[in-house]
Every structure is written in structure tokens, then in C-alpha cells.
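Listed below, chain by chain, are the residues.
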Amino acid sequence: MSSSNSKSSKSWIGIILILCIVGVIIYFVVINNQYTSLSDVDLNEFTLTEVQMDKEFYVNAPKPEFGTLIFKNSENKEKKVKLSEATITNFDSSKVGDYTLTVSVSEEQSLNVDYKVIYKDIRIAGEKEIIYISLNNPFEFENMNVECTDYNDKVVKSVFMSDITFDGLDASQVTPQDTTSQAKAVIDNQEFVFDYVVGYIGYGNNYIGSFSDNNYTYNVSKFILNQDGTGELEVLRKNSRLELAEVESKQCVIYWDYNDQNQSLTISYNDLEIGSYDIESHTLRLDAYTIFANNNQLEFELVFFESIN
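Since this is a predicted model, take the numbers as computed values, not measurements.

Caption draft 1: The arrangement of unusual backbone geometry in detail. For N189, which is not glycine, the phi dihedral falls at a positive 65°. Relative to the assigned elements, N189 resides in the loop between strand 13 (181-187) and strand 14 (190-199). Here H282, not a glycine, exhibits a phi torsion of approximately 60°, which is positive. Along the polypeptide, H282 turns up in the loop between strand 20 (272-278) and strand 21 (283-287). Judged by relative accessible area, which is 8%, H282 ranks as buried.

Caption draft 2: Representation of the sheet that holds strand 4 (residues 78-82). Spatially, the 3 strands line up as an open sheet ordered 1-3-4, and their pairing is antiparallel. Both outer strands of the open sheet, strand 1 (47-52) and strand 4, are each paired with one neighbouring strand and no more. For this sheet the average axis-to-axis angle between neighbouring strands, irrespective of direction, equals 30°. Of the strand pairs in this sheet, strand 1 and strand 3 (residues 68-72) are connected by 5 bridges, and their pairing is antiparallel. Of the residues in strand 3, the one forming a bridge with L48 is F71.

Caption draft 3: Inspection of the environment of Q263 at higher detail. Tracing the sequence through the fold places Q263 in the loop between strand 18 (248-259) and strand 19 (264-269). With a relative accessible area of 43%, Q263 lands in the partly exposed category. Residues Q263 and Y200, 63 residues apart in the sequence, show an inter-C-alpha distance of 9.2 Å. Here Q263 is in contact with Y258 and I279, once residues within four sequence places are set aside.

Caption draft 4: Looking closely at the side chain of Q109. With respect to the secondary-structure elements, Q109 resides in the loop between strand 6 (97-104) and strand 7 (110-118). Q109 gets classed as buried once you look at its relative accessible area, which sits at 11%. At 3.0 Å, the side chain of Q109 forms a polar contact with the backbone oxygen of L43. From its side chain, Q109 meets the backbone oxygen of F46 in a polar contact 3.0 Å long. Every residue in contact with Q109, bar those within four places of it in the chain, is listed here: L43, F46, T47, L48, F71, V103 and S104.

Reading the values: the criteria
- Residues numbered from 1 in each chain as written.
- Predicted model: local features only at pLDDT ≥ 70, side-chain atom pairs only at ≥ 80, totals over all residues.
- Heavy atoms only, no water.
- Helix = DSSP H or I, 4+ residues; strand = E, 2+ residues; numbered from the N terminus.
- Buried < 20%, exposed > 50% of the residue type's maximum accessible area, 1.4 Å probe, protein only.
- Pairing = 2+ DSSP bridges.
- Axes fitted to C-alpha atoms, helices over the stretch in contact; angles between N-to-C directions.
- Contact = heavy atoms within 4.5 Å.
- Polar contact = N/O pair within 3.5 Å; in protein donor to acceptor, adjacent residues only side chain to side chain.

The following block contains the structure:
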């Protein structure tokens, strides 16, 4: 059995080698022979009439090397020369836009070629396939970026989403579960499209905030609500009167429910209501007694920190 398998493997290897050799022969004999060396073209007889090459380049792309120069004489006889044999000037891919380069084969013969420079990719920062935003006021956009990348996949431009005008974006109602919506925008005349979900808050996003009273400084370092009604909460407390005071931390799994009467979310922990989240003002109110055993009411104006999804 093993001997049979070995013979079969050797046969396949032999076939692959033969195909590779045939491919090389086809390239050099058929394709490569279509081209004439520029030094063999009589430029007194033949005129450069066309440049066949890519007309679209990514930002910071290198000067084009591949393409075809088409020469014709008075009898319409044609010769082809590789673009790499010509001299290319006025090529600039440092920023997006429409430009013109020059392809020269001699001092007397050259052609201008129009070309376009674009971003390689326009994407939501973090390369998120879906973004989650809040009902009525997607305040996440104030700290959420769109990134534009170049030929080398480096970010060359970053724009806050709050500075972009979107087409098709509707945050006026909660997106039905297991569905997404789609919006698009244009940056530097280049369009990009993304999927989004509207929730009472941006599901899976982490929001933070701070609050101080006469004795303590409180920081919400984690406030994440999931679409299934669960969430995570972490609150840090430090005695603001003691410079070397230790930071206390309270972490808990929470549950939320929408309160239609006042358009807020009720936040619960261990079957006890411990606070609420106001959708319009993005304000989280917590009962400090449940969390830190004191009677204060904590109030945090939340901001978007990061997308966890």
C-alpha cells in the first residue's frame, strides 16, 4: 500500500514539474517574444502612439514598471516594447488626486498619461466589520476614527467620524436583533461603505466617565452593555483627601432593561436596581450604597472609549 502511494506522489510531482516547465516555455517563447527591445525600434520610422499601463495607484505606490509601449509606422505596422525600458517623469503618488505623468523614449518622442492616486483602504479604526452606535445621538463618533491607508498598509490619514457626512445613516430607531444597516461616506472623493447597528447604547462598546464629591473621586473604567441585556461594570474609588490612598475597585456583571416611560435603561445587579442610564444625556447614575456601602448618588457623563466587539 505504501509503495503504491509513493509511486502516485512521484507521478503528481512529475506532472507539476512538467506544467511549470511548459509555463516557462510559453512565457519566453510566446509572451516574451511579443516584445521588441527599445534599442531595436527605429524611432525615425516608428512613433510612440499609446501607453498601456495601470492608471490607478495607491498613495505612496512606487513608480510603475509594468506596461506596454505601442509603436506604429506609416504602414500601421505595430511594435510593442516593455514600459520598463522607457523613462517616466512627473510621477507623484504622495497624495490622492488626479495627475499626469510623462513617458519618454527619446528627446523627441513622449506621451502624457493621466492617472489617479487613491487610498488602498478606507476603514473604521480597528478594522471593525460592524460598528455599534447609540440611539438618536451616535456620540461614539466623537472618539471613533476612520483610517485611510497607503500602498504599504500604513495609516496616512485619520478622520473623526463626527467630522464626516454620512449617506444612509439613520440612528432614529433601534436596529432589529440579528440585522444590520449600511451607510456610506466619501473621503477625498473616495467612497467607503460600512455596516452598523443602532442600540439604546452602542452594544459591546466600552464607555468611561468620572465623578467627584467632597471625599472621593470615582471613575467608571468599564461600562459595557450587550444586546442580550447583560453587561459589565467596573467602578474605581479613591479618597481624594489622601494622596497615597489605595484605589478601591468594584467589578460586577449587570443586567439592563429599557424603561419606556422615561426613555432610560434600568441597571440591575444581584436582582437589585442599582442605577439607570439616560439615553439622551449619556448619563449613568449609580447608587453608591450598593457598590461601596455609602449613601452617595454617583452621576457619570459617559464618553466612548473603545469598541470591544
